[in-house]
Amino acid sequence: MLILNTRRRWIDLPGSQGTRLQLSPLPASRRSVLIEQAMVSRPPAAGARKAAPPTFDQALYGQLVAAECLHGWEGVQECHEDGSRHPVLFSADSRNTLMEIDPVAAFVINTVTGLGIHLQQEETDAGNASARALPG
């Protein structure tokens, strides 16, 4: 049994105790649009007759996905030279900075891509009576 979910969810960031990200699903239709937006053209090389074909910009794609699907966080901190730590407020700039960390970007992209479908074990949390299996 599957439960479709379009709500935002708080997801623990693996390997980072106390850090949670608020994520929403990335539907396939939006994923296609963001992939297209992440295709970048390069100027033609000196002496070339044609421009090089567009290439996929993974970093840009990560920022586009985060702009659409990353809505907040808890437990993200910055370290200063004196060793002190301070919370990082959620903003477009700080979101883009977070997405420059490859393991975080990969986690966000992978998570939001599969976040729209949840298995029956989340039935209780969702309160979706229609997901209960029929007896027999």
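Please read these numbers as outputs of a predicted model, since none were measured by experiment.

J.: Mind laying out the packing of helix α1 (residues 28-37) against helix α2 (residues 58-69), listing which residues take part and the relevant values?
T.: Contact pair α1 / α2: the axes reach a minimum separation of 9 Å and the direction vectors enclose 140 degrees. Considering the angle they form, α1 stands oblique to α2. Helix-helix and strand crossings are classified by hand; for α1 and α2 the assignment is right-handed. Within the contact between the two elements, α1 uses R30, R31, L34, I35 and Q37 and α2 uses L60, Y61, L64, V65 and E68.

J.: How would you summarise the nonpolar core if you had to cite specific residues and measurements?
T.: In a soluble, globular protein the nonpolar side chains are often hidden away together inside. Residues L21 and V108 are the most contacted members of the largest nonpolar core, which totals 22 residues. A total of six residues in this core trace back to one element, the largest contributor, which is helix α4 (residues 102-114). Contact partners of L21, with chain neighbours within four places excluded, come to R9, W10, I11, L13, L70, G72, W73, L98, F107 and V108.

J.: Explain the confidence of the model for the chain residue by residue, including any values.
T.: Detail in the predicted coordinates should be disregarded across regions flagged by low pLDDT. Here the chain averages 83 in pLDDT, and 79% of its residues register 70 or above. Overall, residues 128-136 carries pLDDT values under 50, and its contacts beyond four positions in sequence, including any with other chains, amount to 11 contacts.

J.: I'd like to hear about the sheet that holds strand β2 (residues 9-12), residue by residue, with values.
T.: An order of β2-β3-β6 is seen for the three strands of this open sheet, with the pairing classed as antiparallel. Edge positions in the open sheet fall to β2 and β6 (70-74), since each of these has one partner strand only. The average angle at which neighbouring strand axes cross in this sheet is 25 degrees, direction not considered. Of the strand pairs in this sheet, β2 and strand β3 (residues 20-23) are connected by four bridges, and their pairing is antiparallel. Considered in β3, the bridge of R9 is made with L23. α2 rests against β3 and β6 of the sheet, and its axis sits at about 80 degrees to β6.

J.: Can you break down α4 residue by residue, with the values?
T.: Over its 13 residues, α4 extends 19 Å from the first C-alpha to the last, a length consistent with the 18 Å expected when each residue adds 1.5 Å. What α4 keeps buried is the set V104, A105, F107, V108, I109, T111 and V112. Summarising the contacts, the buried residues of α4 are in contact with β2, β3, α2 and α3 (92-98).

J.: Please set out the pattern of salt bridges residue by residue, giving values where relevant.
T.: Using the criterion set out here, one finds two salt bridges in the structure. One salt bridge in this structure joins R20 and E74, with 2.9 Å as the shortest N-O distance. You can see R20 sitting in strand β3 and its partner E74 sitting in strand β6, a full 54 residues away along the chain. Assessed through its relative accessible area of 27%, R20 is described here as partly exposed.

J.: Explain the environment of S91 to me, and be specific about the residues and the numbers.
T.: With respect to the helices and strands, S91 occurs in the loop between β8 (85-87) and α3. Judged by relative accessible area, S91 falls into the partly exposed class, the value being 32%. For the pair S91 and H71, spaced 20 residues apart in the sequence, the C-alpha separation amounts to 9.2 Å.

Calculation criteria
- Residues numbered from 1 in each chain as written.
- Predicted model: local features only at pLDDT ≥ 70, side-chain atom pairs only at ≥ 80, totals over all residues.
- Heavy atoms only, no water.
- Axes fitted to C-alpha atoms, helices over the stretch in contact; angles between N-to-C directions.
- Helix = DSSP H or I, 4+ residues; strand = E, 2+ residues; numbered from the N terminus.
- Parallel < 35°, antiparallel > 145°, perpendicular 65-115°, else oblique.
- Left-handed = near helix turned anticlockwise from the far one by under 90°.
- Contact = heavy atoms within 4.5 Å.
- Core = buried A, V, L, I, M, F, W, Y, C linked by side-chain atoms within 4.5 Å.
- Buried < 20%, exposed > 50% of the residue type's maximum accessible area, 1.4 Å probe, protein only.
- pLDDT = per-residue confidence, 0-100.
- Pairing = 2+ DSSP bridges.
- Expected span 1.5 Å × (residues − 1).
- Salt bridge = Lys/Arg side-chain N within 4 Å of Asp/Glu carboxyl O.

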